[in-house]
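Chain and residue survey
Residues per chain are reported as follows:
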Amino acid sequence: MKPFRGIRLFFYNLSAAGPALILTTVLHAGMSFFHPSLASLKNGLPRYLPPFLFGSLPPIAAVVCLTLLVRLIALPGVAFLSDRSASPLGKRRIFLLTAVPVFMTTAVLLFLAPTPELFALNFILLIVLAGIFAMAEAAYTVPYATLLPELGENEGVRHFMGTSQALFSVTGALMGILLLPFLQEAFQNQGPAGSLQLAALVSALIGALLSLGAPLSVRGYSAGSPARSTGSLGDTLRTVFETRSAKGYVVLVGTVWFALSVFFFSIPVIGSDLMLVDEYSTRVAVICFLVAAVAASPGIWWLAKKRGRRLPLTAAVGLLAVALTVLALTGISPNPAGLRWNCVTSVTETASGRMVFGTWRGVSVFHDGEWSSITEKDDLIDDRVTRVVGIPEGIWFGTLGGASFYDGEDWTHYSKASGLIDNRVLSIIPRGEGVWFLTPKGVSHFENATFSQFIPEPDAAGRETAPLTSLVLGELGDLWVGSDNGLFRFSESGWTKYDSENGLPDATVTSLAIAPNHDVLAGTYGGLARFSPSSRSWTTLTEEDGLPSNIVLSIQTENDQIFICTEKGVYVTDGHGNERVLTAADGLAHDRVRDVHTASNGTIWFATENGVSAFANGLWTTYQYPLPRIWGLLGFILLGFALAALVVLSPLIIADLADAVGPENRAMATAFREMARTGGAVAGGVVTATFFSVFSQSLPDPVGVRLLLALGAAAAGLAVIGVACSPCARSHPASGKKER
């Protein structure tokens, strides 16, 4: 077989980015589905599982564990069949060609969930798709890794291939982190739910195209693979495991991935107490992690080539232990005095002059320069706060788990069990003796201890109303309800619908408000629409008229001023020709503002997606949750260095192991590495879930996660000993001799 070089070698190595990109897309988009943002929930982004299904273990972590178990079972089966394949396409190539379309298709289907209320059906669908996804990923990974010792005719080529694949793999993961938000921005006119699905589709397609590089580039090479293996699956497994290198390698890889798994599974469990508490800081940390891995890979390659593999491998596992220790000691802390989270959803003022801010991690209260918090531990019905409304009698809290009212002494909660049409309360409007609650499914009105429901009627075709997004009460007592597919008005004559065909610039209504002259203001994805009850006519305000963006996030009317908050800043007008635009360049914490409130002392408060800004006496003051500490980021950088060494050296050690067990069992040797990695990850996930299920009530989260990360560091320390004792990390190139 002629040397595997040139453009074919490049595309074979490049294809390592494909699975990494698809996996990152699945995890990134999956987190959005399991823990969706406020804007996504308003626009109907489905949620697969109820949050209580797995207790303290987040659903995403549970599904990942189940997926890993399926992968663990599939790996030896794929290797067994690959070593025995008689396909004219080659023993490895046939699996690569089959896996890529299945891999991509299931990645896309994972985001097309049925109705969120059908929890059992959602769970079954998700597990089936995740299982198929795991099997397809195993069918790609095993033959791909096995081709390295078969195509690399000498140690130098193997070094180059292993390092190139490591670089492309990490780059693929980095692409996933950066590409998905960019694509969502490009498809933003489809709404948060549609934009995420389209972004995931495009990202998965790009990953699939990159993955095709391997089966296409090895055409004519893999057909010459060694003769088929014989014997049963059990005999083959015993043959591989009896090799001295395999035993040490299984222990080494298993403990390393146990340590990594403990860390990664800990993040979503105690996310509210991590310094990585918002999307921006999390993205910064992950990018530091991946960039460090890319930067370190060439150095690891040089060190392994000059000094052998034992030194860089031992250093990598040692760095892993140090990184976990650093993160345990410095990356996590109890919530400091200040905002609970940087993405602030709402702001109001109490009768006593306290400023109250709703966030995705509870409520923050600011008074006389001091901060305090209100969370579920203080009897708030849910920490995911969507709306706060202050009235003389107390304060209302709208959350994704229902509504709470606090009168200064006692709490009262409202949920579906009480009579709400849905637990996801997006807006609250106290009026007279009653209270109006907006949910995605409809409007609930509570008065005289009785709930009544208002649901926009289906259209002429019988289609149900799209998820509701906003609510306002007109001056004539009529009810205005915004949705993903139009604006509804309920009056004595019944329901009337407005959309892009009869007044609105766009059918997606994001927010509603009443202007000082009693006009109805509707924010859409096409600009601001203004309805005059007296003339029954619509006018619009768009970018051409001075709006910083046509995508309106919220509208607030304060005294005689109207604040139109868009994704690129706030448009302020008093209706008399006095207009201006406020952006981050002027002093806002972020261009995307969710709420505005003018306090009794004249200070204007802006709730943004990156903190709170206050404007008073011509000066701006910003309050934010602190970004990750530099030592916490150092921990992620050290993790990146460790990952680089592990990813660069693993293919080379697999090649040694494949040579040791003989050409007829090479795929099974590769599967052994993947089984050890998957088994360690599953064990780490199970330990993490069990730990938090047992101790979550008795140990504060920061203390619990420190203990868990210490356990991971101890496991990595044991792996260092494994490196020193295992022949799989020997310091000299493989001789190709068969070990028994």
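Computed from a predicted structure; not experimentally measured. (Residues numbered from 1 in each chain as written. Predicted model: local features only at pLDDT ≥ 70, side-chain atom pairs only at ≥ 80, totals over all residues. Heavy atoms only, no water.)

**A short note on the overall build of the protein**
- Scanning the protein from terminus to terminus reveals 16 helices and 28 strands.
- Counting across all 740 residues of the protein, residues that qualify as buried make up 58%.
- Sequence separation of 24 or more characterises 63% of the internal contacts of the protein that already satisfy a separation of 6 or more.
- As presented, the protein carries roughly 29,300 Å² of accessible surface, and 60% of it is formed by carbon and sulfur atoms. (Helix = DSSP H or I, 4+ residues; strand = E, 2+ residues; numbered from the N terminus. Buried < 20%, exposed > 50% of the residue type's maximum accessible area, 1.4 Å probe, protein only. Contact = heavy atoms within 4.5 Å. Areas by Shrake-Rupley, 256 points an atom, 1.4 Å probe, with all protein chains shown as cover.)

**Comments concerning the pairing of strand β18 (residues 520-524)**
- Most of β18 sits inside the fold, with five of its five residues counted as buried.
- Burial along β18 is two-sided: the face carrying Val520, Ala522 and Thr524 and the face carrying Leu521 and Gly523 are both buried.
- Between strand β17 (residues 509-514) and β18, which follow one another and run antiparallel, lie five residues, and histidine 518 among them has a positive phi close to 80 degrees.
- By the bridge criterion, five bridges tie β18 to strand β19 (residues 527-532) in an arrangement that is antiparallel. Directly across from glycine 523, in β19, lies its bridge partner leucine 528.
- Between β18 and β19, which pair antiparallel one after the other, the connecting turn spans two residues. (Pairing = 2+ DSSP bridges.)

**What about the pairing of strand β5 (residues 385-391)?**
- Of all seven residues in β5, five are buried, a share of seventy percent or more.
- Direction of pairing for β5 relative to strand β6 (residues 394-399): antiparallel, over a ladder of six bridges. The residue of β6 that forms the bridge with isoleucine 391 is glycine 394.
- Linking β5 back to β6 in an antiparallel pair, the connection comprises two residues.

**Concerning unusual backbone geometry**
- Phi at histidine 518 takes a positive value of approximately 80 degrees, unusual for a residue other than glycine.
- Among the secondary structure elements, histidine 518 is positioned in the loop between β17 and β18.
- In this model, asparagine 617 sits at a positive phi of 55 degrees, which is unusual for a non-glycine residue.
- Relative to the helices and strands, asparagine 617 is located in the loop between β27 (611-616) and β28 (619-623).

**Concerning the packing of aromatic side chains**
- In the structure shown here, the tally under the stated rule is 33 aromatic pairs.
- Taking 5.3 Å as the distance between ring centres and 45 degrees as the angle between the ring planes, the aromatic pair formed by tryptophan 436 and phenylalanine 454 counts as tilted. Of this pair, tryptophan 436 sits in strand β10 (residues 434-439) while phenylalanine 454 sits in strand β12 (residues 450-454), and the two are 18 residues apart along the sequence.
- Judged by centre distance (4.9 Å) and plane angle (50 degrees), the ring pair of phenylalanine 615 and tryptophan 620 falls under tilted.
- Given a relative accessible area of 24%, tryptophan 620 falls into the partly exposed group.
- Put simply, the rings of Trp396, Phe405, Tyr414, Phe437, Phe446 and Phe451 touch in pairs and so form one group of aromatic residues.
- Positioned above the aromatic ring of tryptophan 257, the side-chain terminus of arginine 677 is 5.1 Å from the ring centre. (Phe/Tyr/Trp six-rings, centres within 6.5 Å; stacked < 30°, edge-to-face > 60°. Lys NZ or Arg CZ within 6 Å of the ring centre and 35° of its normal.)

**Topic: helix α5 (residues 93-109)**
- Taking 1.5 Å as the rise per residue, α5 with 17 residues should run 24 Å; its terminal C-alpha atoms sit 25 Å apart, in good agreement.
- For α5, the principal kink sits at alanine 99 and spans about 25 degrees; a proline, proline 101, occurs within the next four residues.
- Within the sequence span of α5, burial applies to Arg93, Phe95, Leu96, Ala99, Val100, Phe103, Met104, Thr106, Ala107 and Val108. (Expected span 1.5 Å × (residues − 1). Bend = angle between axes of the 7 residues up to and from the residue.)

**Focus: the environment of alanine 214**
- Tracing the sequence through the fold places alanine 214 in helix α9 (residues 213-217).
- Of the residues examined, alanine 214 reaches a relative accessible area of 0% and is grouped as buried.
- Measuring from C-alpha to C-alpha, the distance between alanine 214 and serine 15 comes to 5.7 Å, with 199 residues separating the pair along the chain.
- Not counting chain neighbours up to four residues away, the residues in contact with alanine 214 comprise Phe11, Tyr12, Ser15, Leu96, Tyr140 and Tyr144.

**Quick word on the sheet that holds β27**
- One open sheet accounts for four strands, arranged β25-β26-β27-β28; its pairing is antiparallel. Of all strands in the sheet, those with a lone pairing partner are β25 (593-598) and β28, marking the two edges. Geometrically, the sheet is characterised by an average inter-axis angle of 20 degrees between neighbouring strands, direction not taken into account. (Axes fitted to C-alpha atoms, helices over the stretch in contact; angles between N-to-C directions.)

**Points about the packing of helix α1 (residues 6-14) against helix α7 (residues 155-186)**
- Viewed as axis vectors pointing N to C, α1 and α7 meet at an angle of 45 degrees, and their least axial separation amounts to 8 Å. Classified by the angle between their axes, α1 and α7 sit oblique to one another. Within the contact between the two elements, α1 uses Leu9, Phe10, Tyr12, Asn13 and Leu14 and α7 uses Phe160, Met161, Ser164, Gln165 and Phe168.
- Residues of the contact of α1 with α7, tallied by class, amount to seven nonpolar, three polar and no charged. (Parallel < 35°, antiparallel > 145°, perpendicular 65-115°, else oblique. Nonpolar A, V, L, I, M, F, W, Y, C, P; charged D, E, K, R; others polar.)

**Observations concerning the sheet that holds strand β7 (residues 402-406)**
- If you walk across this open sheet you meet the four strands as β5-β6-β7-β8, and the pairing is antiparallel. At either end of the open sheet lies a strand with only one pairing partner, and these are β5 and β8 (411-414). Going from strand to strand, the sheet's axes swing by 15 degrees on average, the running direction of each strand aside.

Limitation: the analysis is restricted to geometry and does not speak to function.
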